[in-house]
Amino acid sequence: MSRKIWVFDTTLRDGEQVPGAKLNLYEKVEIAQQLKKLGVNIIEAGFPASSQGDFDAVKAVAQKVGNTSDIMITALARAVKEDIDSVYNAVKYAENPMIHMVLGTSDIHVEKKFSKSKDQILQIGVDAVKYAKTLLPQVQYSTEDASRSDFEYLWKTIEAVMKAGATMINVPDTVGFAEPEQWGELIYRLNDRMKNLDDSVLLSVHCHNDLGMATANTLAAIKNGADKVECTVNGIGERAGNAALEEVVMALKTRGDIYDVFTDINTKEIMNTSRLVSSFMGLDVQVNKAITGDNAFAHSSGIHQDGLLKSRDAYEIVHPEDVGLDDMELVLTARSGRHAVKDSLSKLGFKDFADEEFEGIFEGFLKLADSKKEVYNHDLYVIVENYYEKAEKNNPNKESYSNQFFELVDLQVVSNATFPSASVKIQRGEEIYKSSAVGSGPIDALYSAIADTTGIEVKLIEYNISSVSRGQEALGKVKITVEHEGEKYIAKAADTDILKASALAYINVINSIVVAQIQPQKVEVKVTV
Ligand code: KIV
Ligand code: ZN
């Protein structure tokens, strides 16, 4: 029978250790609410002894998110009374609280970090567990740096703390040193001994990604008997990060033939959780990151797009809908083939071309794609209409739409502390619109000025800028997400001028809305990125 794997999320503790990712109390509570929606079994909300602010945040998570019995709330303590008290006083408000403590087992930690004997460290651990058990029934013990520890000493520690009352044993690969096969063997041996001693105690692993093997090591541990995994959303965490929750969970789901286990994770909440964590912590997700990266479900090669349109399983092993995305994304670039372009055109209602007509339109597409990184739906309208106009042919699509799209003609932005302001000149068909605005910053001013000319109201949900430098030339890449009448629209743009890139991204998103307004029933995917 399929076995349950417990998911312990440490985004709010190990994840928050990333420099600059510190959250305030409200952000922590909101992420914890989302983690509960995602279906994690245990939330590690912080390290309360580290500061009053963290103590308050852990307490708030315990009160507001731990108020139901379907989730356990914990926080980290060193194996010292003050830390344990601090965790207890913060998590005790949850219906299901746990104390988590950590103490090293490797020679490096015992001798160099603590300058103590192995017996002394073991006794400190046992005493700490005994003390924690006087406060709460659930206690997890982490054998820090387990992957570099002497096996017999590691086992002696685990045996002793289990006898002292630990209810979960967490075996961390603290420095990401483990190798999947060796790690799997270690977990197998520990699991065998643990289950013989007391099979109600859960065996857990906590893997770091220093050699890029955190997910592989976590999966190897599951294969070898681990009952519980510690992960973070987007794989954030100390140094190279932790095992990514979304990777572990989707690997278990997709390769059920190998693992035969299940989790309580509602995978459809993965993208929502990833985006919330990324935006609150200010940590971009690597574009090609498995499952949650921007390109994880975007297909750009013509050969792949053709295969996908014939049968999705040709190049898709995880359905984007399963992680909460709308659909796969076929990005139209110069590498896209005829099949993908035809498919995008037909979604916009342009069908039944004669071969010669389609070839003319495809030629126009390639010309534009060569000068632009990505071709958008609104560009396709213009390409089609230009083709018929140039060829002096009758456009079967009687109405002309290309004059409904907006184009940036010029912009001027002034950045200063008192009056950040912007002026823009925008063209729509034959009409030229000009507007100026002041804002709380230059981008705010710029977007207010453009909004004034387009008359389309949107709520800016996310603005993201990144840069790529080649020599002295820096390319600013902007991605924005807006909401319009309850729908989300995303668009991107790139330029050496970051303000121009920002304006172009905004215009692209507005044009996506115009496309949806022109033929709402035909445009299935409103998210254009
Ligand atoms: O990496 C580690 O060893 C830890 C422990 C506190 C579990 O984060
Ligand atoms: Zn860690």
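On a predicted model such as this, the values are computed, not experimentally measured, just so you know.

The rules behind each value
- Residues numbered from 1 in each chain as written.
- Chains lettered and ligands numbered in written order.
- Predicted model: local features only at pLDDT ≥ 70, side-chain atom pairs only at ≥ 80, totals over all residues.
- Heavy atoms only, no water.
- Near = heavy atom within 4 Å.
- Polar contact = N/O pair within 3.5 Å; in protein donor to acceptor, adjacent residues only side chain to side chain.
- Areas by Shrake-Rupley, 256 points an atom, 1.4 Å probe, with all protein chains shown as cover.
- Helix = DSSP H or I, 4+ residues; strand = E, 2+ residues; numbered from the N terminus.
- Domains from an automatic or database assignment.
- Pairing = 2+ DSSP bridges.
- Axes fitted to C-alpha atoms, helices over the stretch in contact; angles between N-to-C directions.
- Parallel < 35°, antiparallel > 145°, perpendicular 65-115°, else oblique.
- Left-handed = near helix turned anticlockwise from the far one by under 90°.
- Contact = heavy atoms within 4.5 Å.

### Some thoughts on the site of ligand 1
What surrounds ligand 1 is the set Arg-13, Asp-14, Leu-76, Val-102, Ser-142, Glu-144, Asn-170, Pro-172, Thr-174, His-206 and His-208. Here an oxygen atom of ligand 1 sits 3.0 Å away from a polar atom, N or O, in the side chain of Arg-13. One nitrogen or oxygen atom from the side chain of Thr-174 is found 2.7 Å from an oxygen atom belonging to ligand 1. Burial of ligand 1 by the protein amounts to 93% of the accessible area it has alone, namely 260 Å². Put simply, the parts of the chain that give the shell around ligand 1 at least two residues each are strand S6 (139-144) and strand S7 (168-173).

### A look at the domain arrangement of the chain
When the domains of the chain are assigned, the result is domain 1 (3-281), domain 2 (298-402) and domain 3 (405-519). With centres defined by C-alpha atoms, the gap from domain 1 to domain 3 works out at 43 Å.

### Observations regarding the sheet that holds strand S4 (residues 72-78)
An order of S2-S3-S4-S5-S6-S7-S8-S9 is seen for the eight strands of this closed barrel, with the pairing classed as parallel. Pairs of neighbouring strands in the sheet enclose a mean axial angle of 25 degrees, with direction left out of account. Both strand S2 (residues 6-9) and strand S9 (residues 228-231) contribute to a ladder of four bridges, which runs parallel. Of the residues in S9, the one forming a bridge with Asp-9 is Cys-231.

### Considering the packing of helix H1 (residues 25-38) against helix H11 (residues 270-281)
A pair of packed helices can be characterised by two numbers: the angle between their axes and the separation between those axes. Look at H1 against H11: their axes get within 9 Å of each other, and the N-to-C directions meet at 165 degrees. Viewed along their axes, H1 and H11 adopt a mutual orientation that is roughly antiparallel. Between H1 and H11 the crossing geometry is left-handed. Where H1 abuts H11, its residues Glu-27, Glu-30, Ile-31, Gln-34, Leu-35 and Leu-38 lie against Ile-270, Asn-272, Thr-273, Leu-276, Val-277 and Phe-280.

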